[in-house]
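Reading the structure
Now for the letters of each chain:
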Amino acid sequence: MKLDGVSFVGFGSGSPNGAAFRAFDPTLNATVEPVFISATLVDVDRAAQLAAAAAPVWAALSGAERNRFLRLVADKLVQHTAVLAARATQETAIPLARCESEIGRTAGPLRLYGEAAERGDWLDARIETAIPDRKPLPKPDHRSLMRPLGPVVVFGASNFPFAYSVAGGDTASAFAAGCPVIVKAHPAHPGTSELVGVLILQAVKECGLPEGSFSLLFDASIEIGQALLKHPLVKAVGFTGSLHGGRALADAAAARPEPIPVYAEMGSVNPVFILPGALAERAAVIGDGLHAAAMLGVGQFCTNPGLIVLQRSVPAEDFVRALTGKLTATAEGTMLTPGIRKNFAAGTAARTQQPGVKVIAQGSMAAACGAAPVWFETDAVNFQRNHTLSEEIFGPSSLVVWCKDAVEMRDVARHLEGSLTATLQAGKDETAQQGGLVAILAAKAGRLVFNGFPTGVDVSHAMVHGGPYPSTSDGGRSTSVGTRALNRWGRLVCYQNFSEELLPPELQNANPCGLRRLVNGQWTIAAM
Ligand code: NAP
């Protein structure tokens with residue numbers, strides 16, 4: 001597979017006149033061939049026009065047709081694992097084996113979301129039949145379901161070059177919901193993006209889908225992303241990245257003449273509350289698990305445990321001492337981009353200067369994109385006084401917060417901002433008394449983890465990967481992982497007193513799609 005370095009605008013190529021940029025190899029600290037050409041505003045408009053033209057075709061596709069397309073994309077990704085993983089590891093410094101497994105973890109959701117599209121549960125089809133002789137007024141026939149929003153723009157994430165990039169969870173769920181997709185490729189892995197984009201385009205053509213089903217636009221600056229977001233034909237946005245970037249996009253979308261939803265997954269500190277009984281029972285196991293979770297991917301995971309909350313005691317101090325020993329001995333890793341490395345260095349340097357904060361582990365960082373663990377400690381009072389200590393430092397850095405007792409631990413929990421996850425480690429004898437803490441944490445996070453660690457997000461029907469602001473831009477009402485991710489790309493439409501032939505097939509009496517529907521208050525797959 002040869003790289004051309006130009007955007008895909010439908011079945012055509014983007015303009016050759018945009019600004020040039022190259023990928024970067026963080027391991028070698030050197031640029032990588034070939035040259036990529038940024039898209040232009042003309043490309044943005046053409047991609048949006050094509051997507052808008054394709055939107056009614058996508059809305060009319062059956063779930064089975066969307067499933068066929070998504071399975072084809074998944075199969076193609078898996079077939080091309082070797083070439084895809086090789087380019088991704090060069091562009092991101094993510095080890096080859098993880099790139100390979102991430103391709104499998106991208107194919108899985110494509111298939112799962114395709115099945116969800118075919119099953120159609122997410123449509124939430126509901127029927128209330130008419131009661132013409134109801135007094136004092138006749139009751140009309142009401143039938144409602146989710147309809148696709150239309151063209152969706154996806155911003156690829158730097159830290160998941162497959163699973164949250166061109167064919168990742170946002171793209172897969174938008175297609176499954178019946179929306180054409182325009183991807184703004186992340187400039188940190190343009191070659192990987194192009195390779196995956198070629199496979200999606202092949203699948204579009206092989207399935208006979210319209211030209212505007214998919215476009216992929218390159219840009220090394222924010223201009224193209226902003227133009228896509230502001231284009232009147234774009235109806236929703238999916239984003240994974242920084243709080244700064246996600247918030248800027250959400251604000252710009254809200255300021256459009258027609259505001260549109262932005263589903264941004266942003267910063268998260270993922271607090272881990274460790275109770276004394278848990279330490280008494282299994283301090284070494286918790287220490288090993290926490291170390292592994294915090295160091296995974298050089299700490300560049302949105303579920304990285306960034307805040308460790310403990311009650312001060314001799315065993316707890318021993319636990320932290322053992323953990324910091326392991327952290328200090330951890331080898332330097334290579335971060336995804338020089339920009340992320342720069343943010344990490346600046347964030348940790350700034351935290352070092354905060355009053356009442358002490359460095360407890362500091363590895364050495366020699367390579368240009370290298371990062372080693374930098375951990376801090378503070379007390380609960382200082383933590384609550386200084387808002388900057390609640391902010392995520394993306395990379396291998398966490399903050400230990402010392403509490404006097406269980407009451408102060410709950411105060412810290414109440415003080416937390418929204419997170420994707422919150423974890424509770426408890427001993428057998430203290431588990432039952434933790435209802436109060438769990439209730440506080442349930443108001444703060446989208447996923448609560450019990451006696452485990454927050455990293456590792458299974459893609460399933462029940463998974464929730466979202467949380468209150470600032471972890472997401474929509475108040476945590478949605479998830480970007482799991483089959484409920486499809487709901488983000490739909491809106492409810494109710495048909496009142498419609499004739500059978502004008503209803504979508506999903507709402508027709510015969511139930512030709514075999515959907516599970518709520519008919520007069522009863523879930524059923526029966527025809528009416
Ligand atoms: P980012 O700076 O938020 O960028 C993500 C994508 O959004 C890029 O394509 C970027 O384009 C675009 N973008 C950013 N700001 C924009 C704006 N105002 N208007 C239009 N487009 C915009 O994230 P990143 O480059 O991946 O990493 C930077 C930081 O993000 C990290 O240091 C970390 O703090 C955070 N991060 C968080 C997660 C997470 O899982 N929550 C994942 C990755 C990164 P350009 O690159 O062309 O500017």
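Conventions and cut-offs
Residues numbered from 1 in each chain as written. Predicted model: local features only at pLDDT ≥ 70, side-chain atom pairs only at ≥ 80, totals over all residues. Heavy atoms only, no water. Helix = DSSP H or I, 4+ residues; strand = E, 2+ residues; numbered from the N terminus. Contact = heavy atoms within 4.5 Å. Core = buried A, V, L, I, M, F, W, Y, C linked by side-chain atoms within 4.5 Å. Buried < 20%, exposed > 50% of the residue type's maximum accessible area, 1.4 Å probe, protein only. Domains from an automatic or database assignment. Near = heavy atom within 4 Å. Polar contact = N/O pair within 3.5 Å; in protein donor to acceptor, adjacent residues only side chain to side chain. Areas by Shrake-Rupley, 256 points an atom, 1.4 Å probe, with all protein chains shown as cover. Nonpolar A, V, L, I, M, F, W, Y, C, P; charged D, E, K, R; others polar.

1. Here's the deal with the environment of L229
Mapped onto the fold, L229 is located in helix α7 (residues 223-230). With 24 residues separating them in the primary sequence, L229 and A253 have C-alpha atoms 6.5 Å apart. Excluding its chain neighbours within four sequence positions, the residues that come into contact with L229 are V237, L249, A252, A253, R256, I260 and V262.

2. What about the nonpolar core?
Counting residues in each nonpolar core, the largest one holds 100 residues, and the members touching the most others are F69, I200, F214 and F273. Counting residues per element, this core draws most heavily on helix α4 (residues 96-119), which supplies 8 residues. Mapped onto the domain boundaries, this core takes at least three residues apiece from domain 1 (8-122 + 148-266 + 479-488) and domain 2 (271-450). What F214 contacts, discounting residues up to four positions off in sequence, is F8, G10, V166, F175, V181, V183, G197, I200, L201 and V204. Core analysis: the second largest hydrophobic core is formed by 25 residues, A47, A252, A264 and M266 among them.

3. Some remarks on the site of the ligand
Near the ligand there are 24 residues, and of these S158, Q226, S242, M266 and C302 occur at the shortest range. At 2.8 Å, a side-chain N or O of Q226 approaches a nitrogen atom of the ligand. The side chain of N343 places a nitrogen or oxygen atom 3.3 Å from an oxygen atom of the ligand. Isolated, the ligand exposes 860 Å² of accessible area, and the fraction of that covered by the protein chains is 87%. Of the residues forming the shell around the ligand, the biggest block, 3 residues, is contributed by helix α8 (residues 243-254). Of the residues assigned to the shell around the ligand, the class counts are 11 nonpolar, 10 polar and 3 charged. Here the shell around the ligand gathers at least three residues from each of two domains, domain 1 (8-122 + 148-266 + 479-488) and domain 2 (271-450).

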